[in-house]
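Coordinates in review
So you can see what is in the structure, the chains are spelled out below.
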Amino acid sequence: PPAAAEATAQAHPGLLTNARQLTFEGRRAGEGYFSPDGRRLVFQSERQADNPFFQIYTLHLGSGDVERVSTGVGKTTCAFYRPGPVVGGSHEVLFASTHHDPASRQLQARGLAERAAGTESRYAWDYDPEMELYVGSRGTGGDWALRRLTHQRGYDAEAAFSPDGEWIVFTSNRQAFERELSSAEAKRLEVDPAYFAEIYRVRADGSALERLTDAPGYDGGPFYFADGSRIVWRRFDEKGLLAEVYTMRPDGTDVRRLTDLGAMSWAPYPHPSGEYVIFASNELGFGNFELYLVDAEGRREPVRVTASDGFDGLPVFSPDGTTLVWTSNRGGGHGQLFTGDWSHERARSALAAAPLRHPGPGAPRPEAVAAADDELAVLRRDVAFLASPELAGRLTGSEGERRAAAWLAGRLAELGARPLPGEDDFLLPFDFTAGTRDAGSRLQLAGAAVSLDDGSRAYGGTDTVQALSFSDSGEAAGEVVFAGYGLVVPDGQGVAYDSYAGLDVTDKIVLVLRYFPEDAAAETRAVLARYSGLRYKALHAREQGARALLVVTGPRSPNAGETVPMSFDTAISGSGLLAASVSGAVGEALMAAAGKELAAVQESLDDANPHAIGFPIPGVTAELTVAVDREQRVGTNVAGYLPATVAAPGLERPWLVLGAHYDHLGHGEGGNSLAGEGEVGRVHHGADDNASGVAAVLAIGRRLAALEERSRPVVLAFWSGEELGLLGSSAFVAGEAVPSSEIAAYLNFDMVGRLADGGSLTLQAVGTSPAWPALIERANVPVGLSLTTHADPYLPTDSASFDQAGVPTLNFFTGSHADYHRPSDTAEKVSYEGIDRIARFAGLVARRLVTEPAPPEFVRVERNRPAGGDRDTLRAFTGTIPDYTTEVEGLRLSGVVGGGPAEEAGLREGDVIVELAGQTIANIYDYTYALDAVKIGQPAAVVYLRDGERRTTTIVPRARD
């Protein structure tokens, strides 16, 4: 099974024995509830040929006799016996039904037709607004008479009697039909009617209706404890993704949260003893629901009961507490009722041995919450959740990222954090470009003897013509010129090679081969390979005056004849050129028009002879239409703050920020994966990178929340988009919620999960303030970590965003390892004792920062090499720091390295470089390639825009260290 907290990782033996399937008839059955005397069950089942929806039945546990209670028409759900006297040989039955709806039979017929056509959607809570409550009484003649209790439009269901039979507690979204909704609310009701569900109670005769809950999102599935003292129910978050178990008094007061699994924990039911609650949760996998126990006070971590693939849920105890009935699909199919023997004593023992739980708001706070074992369990749970397969690698903008963000928001709420000033909640969205797709590119050829074998000259479809991911959108027409491999090698590389030598491609469409000469000597291939990127080829085609670029994969190359797949591309702007790949068949047709064969032409070029040149294709013109959709997505930062507890008027730079990125690489589609053979396409769990940093920030947050004297408010922030270029932290620094000029310091935690025995914690960016050495020394005395410090703040992590904004930073890092950016970075390899020690140490640093009145002084660090990332492969160092988040034509700078060539040239944050060494710069990729052409120590002209004004300066590149 997926990694999980120790408390719930394994099913506890002996709790549930002699498990067996109870119902078999019909397509599906579930939600069985015992009669007060324990002799019968009432349940829902689909066993009528003319109705695809559940109906209500009773099962006599002595004889096995089954009889239907409901009418057989419409939908029904959630039946429950009324305590009290037997009437007509049976107790009264409470359930919900739509049989009064005139459209019921039409809906039945539609459902059966969809099933026959194979278009049926799976059964779900559709929150039918015609669902109403009924009580069935069996008369002396044996027939069931139904009495309708509710008459308000809206979903009324999920009802249960109080132990004395006088009250009914139920779920309803009637409030959405009782008042005028805003346009946003009306749209939400249409797509998510569950959001408006609340818990109500009413007397058994239908009088004295009272609403008990009033929180955003679904509240439902309520049941009374056996002594009537409390009600247990499930509460979903506003997005409907996560649910936890709560209890309250029968009047809706004294709300307590029992669980904190960060999953869908639902269908709770209390044991008759009142000591614990059983419920279902998918903590171990999105579709894998298991049964769990939690004590009635929520003091300890839940105990796992079942261990079966698929669904186990809707558990119910018999009145004497010795039998459990639940719904499961472990027998195959759509689910049936199962039953087993229950051990109350083993349940009590298992719960007593469970770790203490860190409580959320409204839950009792155990004195031992800070105990070491408990803290390690919390760290394990946090990392295990974020690194679970269900979050699918937390790629920015993905469903996994959104689930992680919702979970983090819940964790901040538990700490008592508040949304940042001016924000309504903890979620801070930002826009970014997630990739590109071809939206219908086309190619039309004209001229004698140019067509495919079938005579066609107009081509479309991505297997024939496909836009390159960096292309502009638009149309271009012109003569066609073949430019070989389209390679241009800058001077000084030891290889003289220029595919455009002797060719005039001005206002023409250039055709080039993909890759580089196949038969070149190894040293030559190494140089040519560096300049064979399609972006680089497009750059030179554009610089030569071409209107468009066509790329064909030759028959002697890998992927022969195939078009180039659209890559995951986060570039915000295009390349300033139309560019597309074409199939081998299109390339053959063009070569045939020139009287040549593509294979022979490629072979003549494959020895990398610098004198082998391209040629015009006479009499052929092309019209190229390229349509590229740049997919805009939304990433989400998560941030809240712990308010100051001590007034400190006039405090300079009052805020302290602690942060860690929580995004990762998804399945490795972002291009930064280092997956080995057999790992490609698998979930990149990102346990160390960077679930470990998130867990550390939460752990420090717990320590700071318990600190009685805080003169500075503390922001706890979790960034997304770090793996795509520090997108989230850059957006935060550029925002206004907490101005960077008001931040005293920023502590960043990125990969702190591999502190091996005897290993060292690396502290980076120590040079950003003279205050850091003394603070580090004092904090480490009681912890005793082995520390390594580095002054350099120019790091490929979120601390760089704050350093550029003039904020003193510290980055905590336990080092790289063989699992970095691979699927093998999993939760079991993390050192939780190490994270705990780092959190203790960093917590002491933070404690001094929030209690001392003077903030650390900021120092701009000079450095003679760039900030890491892909640019580390370059020879030349200019000290420019690109802005990955702003859409401009050119390269916008988010900052410059202190003391670097760019700063010496007068460049600064916000400048947009549009030309370097005579080469036009349309984006960061153009700039990267332009750096290959400049020479170390020789001045190069830079043209840039500052506040819209075009300026010129000279930069002198340095050699990289």
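The rules behind these values
Within each chain, residues carry numbers counting from 1 in the order of the written sequence. pLDDT decides what is reported in this predicted model: residues at 70 or higher carry local features, side-chain atom pairs at 80 or more are listed and counted, and totals for whole chains, interfaces and linings draw on all residues regardless. Each side-chain value is derived from all of the structure's non-hydrogen atoms; neither hydrogens nor water enter the calculation. Two strands qualify as a pair provided DSSP detects at least 2 bridges between them. Each helix is a run of DSSP H or I of at least 4 residues and each strand a run of E of at least 2, with the numbering of both proceeding from the N terminus. A pairing counts as a salt bridge when a side-chain nitrogen of Lys or Arg comes within 4 Å of a carboxyl oxygen of Asp or Glu. Only protein chains enter the accessibility calculation, which uses a 1.4 Å probe; a residue is then buried when its area is under 20% of its type maximum, exposed when over 50%, and partly exposed in between. Where helices are involved, their axes are fitted lines through C-alpha atoms of the stretch in contact, as for all axes, and angles between N-to-C directions lie from 0 to 180°. For this analysis, residues touch if any pair of their heavy atoms sits within 4.5 Å. Aromatic rings from Phe, Tyr and Trp, with only the six-membered ring used for Trp, were paired whenever their centres fell within 6.5 Å, and each pair was classed as stacked if the ring planes differed by under 30 degrees, edge-to-face if by over 60, and tilted otherwise. In this analysis the charged atom, NZ for Lys or CZ for Arg, is taken to sit over a ring once it is within 6 Å of the ring centre and within 35 degrees of the ring normal.

1. Focus on the pairing of strand E34 (residues 615-626)
- Here strand E27 (residues 442-446) pairs with E34 via five bridges, running antiparallel. Looking at the pairing, Leu445 lines up with Ala622 of E34.
- Where strand E30 (residues 474-482) meets E34, eight bridges bridge the pair, whose relative direction is antiparallel. Paired with Ala476 across the two strands is Leu624, which belongs to E34.

2. What to know about the pattern of salt bridges
- On inspection of all chains with the given rule, the structure shows 50 salt bridges.
- A salt bridge links Arg174 to Asp156; the nearest nitrogen and oxygen atoms lie 2.6 Å apart. In this pair, Arg174 is assigned in the loop between strand E11 (167-172) and helix H3 (175-178) and Asp156 in strand E10 (residues 156-161), connecting sequence segments 18 residues apart.
- Salt bridges sharing common partners tie together Glu244, Arg257, Asp260, Arg381, Asp382, Arg411 and Glu414.

3. Side note on the environment of Arg778
- Relative to the assigned elements, Arg778 resides in helix H14 (residues 772-780).
- Taking relative accessible area as the criterion, Arg778 reaches 46% and is therefore assigned partly exposed.
- A sequence separation of 63 residues divides Arg778 from Phe841, and the C-alpha atoms of the two residues are 9.6 Å apart.

4. Overview of the sheet that holds E27
- In spatial order, the strands read E28-E27-E34-E30-E31-E32-E33-E29; together these eight strands make up an open sheet with mixed pairing. With one partner strand each, in any of the chains shown, strand E28 (458-460) and strand E29 (465-467) form the two edges of the open sheet. The mean inter-strand angle of the sheet, taken between neighbouring strand axes irrespective of direction, is 30 degrees.
- Its contacts with the sheet place helix H9 (residues 534-543) against strand E31 (509-513) and strand E32 (548-552), and it is angled at close to 140 degrees to E32.
- Strand contacts of helix H11 (residues 598-605): E30, E31, E32 and E34, with the helix running at about 70 degrees to E31, the strand carrying the most contacts.

5. Points about the packing of aromatic side chains
- Applying the stated criterion across every chain, the model contains 32 aromatic pairs.
- A centroid spacing of 6.3 Å and a plane angle of 45 degrees characterise the contact between Trp266 and Phe311, whose relative ring orientation is tilted. A residue pair is termed long-range when its members are at least 10 positions apart, and Trp266 in strand E18 (residues 265-270) and Phe311 in the loop between strand E21 (303-304) and strand E22 (312-317) qualify at 45 residues. Side by side, Trp266 and Phe311 carry an identical accessibility label, which is buried.
- In textbook terms, an aromatic cluster arises when at least three aromatic residues are bridged by ring pairs, as seen for Tyr33, Phe80, Phe223 and Tyr269.
- Sitting over the ring of Tyr195, Arg188 keeps its end group 3.7 Å from the ring centre.

6. As for the sheet that holds strand E1 (residues 16-21)
- An order of E1-E24-E23-E22 is seen for the four strands of this open sheet, with the pairing classed as antiparallel. This sheet does not close on itself; its edge strands, each paired only once, are E1 and E22. Across the sheet, the mean angle separating the axes of adjacent strands is 25 degrees when strand polarity is ignored.
- Note: E1 against strand E24 (residues 336-342), four bridges, orientation antiparallel. The residue of E24 that forms the bridge with Leu16 is Trp342.

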